[in-house]
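Chains, contacts and geometry: an overview
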Amino acid sequence: MKRRATDLVLYAFVTMLGLTLAVGLAGLLLLTRFHDDMQETYASINLHTRLANEMRDIVRDRSTRLHRIVLIESPAERAREIALNAALMPRFQSVAAQLAARLQSEPERTAYGHMLRLAEHGWRMQDEVLALLAQGDRNAAQGVLLNTVLPVQDEVLERFGAFNALQNLHIDKLRATLDRQYRTSALVGSVIALLSLFAS
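Residues numbered from 1 in each chain as written. Predicted model: local features only at pLDDT ≥ 70, side-chain atom pairs only at ≥ 80, totals over all residues. Heavy atoms only, no water.

Taken as a whole, this structure holds one aromatic pair when the rule is applied. Between Phe 92 and Trp 123, the aromatic rings sit 5.2 Å apart at their centres with planes inclined by 85 degrees, giving edge-to-face as the arrangement. Highlighted residues: Phe 92 in helix α2 (residues 75-102) and Trp 123 in helix α3 (residues 106-134), separated in sequence by 31 residues. Across the pair, Trp 123 and Phe 92 agree in class, each one buried. (Phe/Tyr/Trp six-rings, centres within 6.5 Å; stacked < 30°, edge-to-face > 60°. Helix = DSSP H or I, 4+ residues; strand = E, 2+ residues; numbered from the N terminus. Buried < 20%, exposed > 50% of the residue type's maximum accessible area, 1.4 Å probe, protein only.)

Laid out in structure tokens, this is it:
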């Protein structure tokens, strides 16, 4: 009878220990998988920011070049600068398409749509400047540049800033979620360890 009671205690202890190890291992695996998912999402957000920054830099570069084009006196040099400025457009479109294909949330797509439409409006205004230069009306071209193109550019850059702020908000939420998950797992592990200690 005494041996049987001892065996039951031993079996109970082994069972409790096995359950503790199983739960602990499951929690560790879950936390590891969650952390990997977070890292993948974090990398995706960083890529969104990098692509948006590249688009922003192209917008700024084209406006700077356009300002230089208006000031250039030499027709040959101006034509060369216009060609360099035009070559930036396919690059912008390529980066914009990459970013658009990656966006999943509605707030991201909305912010992206706003900044893209505004950028395209800025391109049309830049084309108007170039058309006025081609007609020989440099004063009118400078007027459109200063009064329309540059203000639109500033607004476009603000839109890019808003998009990146949205990405930073996602990162903050991810960090908070990961921290909360870690604390929960640590708490569950501690409770199980205490219960096992009392049970033994």
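Let's pick the thread back up.
Moving on to the pattern of salt bridges. This model, assessed by the stated rule, comprises nine salt bridges. Linking Arg 50 and Glu 54 is a salt bridge whose minimum nitrogen-to-oxygen distance equals 3.8 Å. Taken as a pair, Arg 50 and Glu 54 lie in helix α1 (residues 2-71) at a separation of four residues, close to a single helical turn. The partly exposed category is assigned to Arg 50, whose relative accessible area is 47%. Residue classification places Glu 54 among the partly exposed positions, given a relative accessible area of 22%. Here Arg 65 ties to Asp 61 by a salt bridge, and the two come within 3.4 Å at their closest N and O atoms. Of this pair, Arg 65 and Asp 61 both sit in helix α1, four residues apart, which is roughly one turn of the helix. Ionic contacts of the salt-bridge type, sharing partners, join the residues Asp 61, Arg 65, Arg 68 and Glu 81 into one network. (Salt bridge = Lys/Arg side-chain N within 4 Å of Asp/Glu carboxyl O.)

Okay, the environment of Met 125 next. Assignment of secondary structure puts Met 125 in helix α3. Setting aside its immediate chain neighbours within four residues, Met 125 contacts Val 144, Thr 148 and Val 149. (Contact = heavy atoms within 4.5 Å.)

Before going further, it helps to examine the side chain of Thr 49. Inspection of the secondary structure assignment puts Thr 49 in helix α1. Here Thr 49 is in contact with Asn 164 and Gln 167, once residues within four sequence places are set aside.

A word on the confidence of the model for the protein chain. A low pLDDT means the predicted coordinates there should not be read in detail. Of all residues in the protein chain, 71% attain a pLDDT of 70 or more, and the chain-wide mean is 80. Per-residue pLDDT, averaged within each element of the protein chain, yields its smallest value for α1 (73) and its largest for α2 (92). (pLDDT = per-residue confidence, 0-100.)

Counting residues in hydrophobic clusters, the biggest one holds 24 residues, and the most contacted among them are Met 55, Phe 92, Leu 99, Tyr 112, Phe 160 and Phe 163. Contributing elements (two or more residues each) for this core: α1, α2, α3 and α4 (138-199). Those residues in contact with Phe 163, other than ones at most four positions away along the chain, are His 48, Ala 52, Leu 99, Leu 103, Glu 108, Ala 111, Tyr 112 and Met 115. (Core = buried A, V, L, I, M, F, W, Y, C linked by side-chain atoms within 4.5 Å.)

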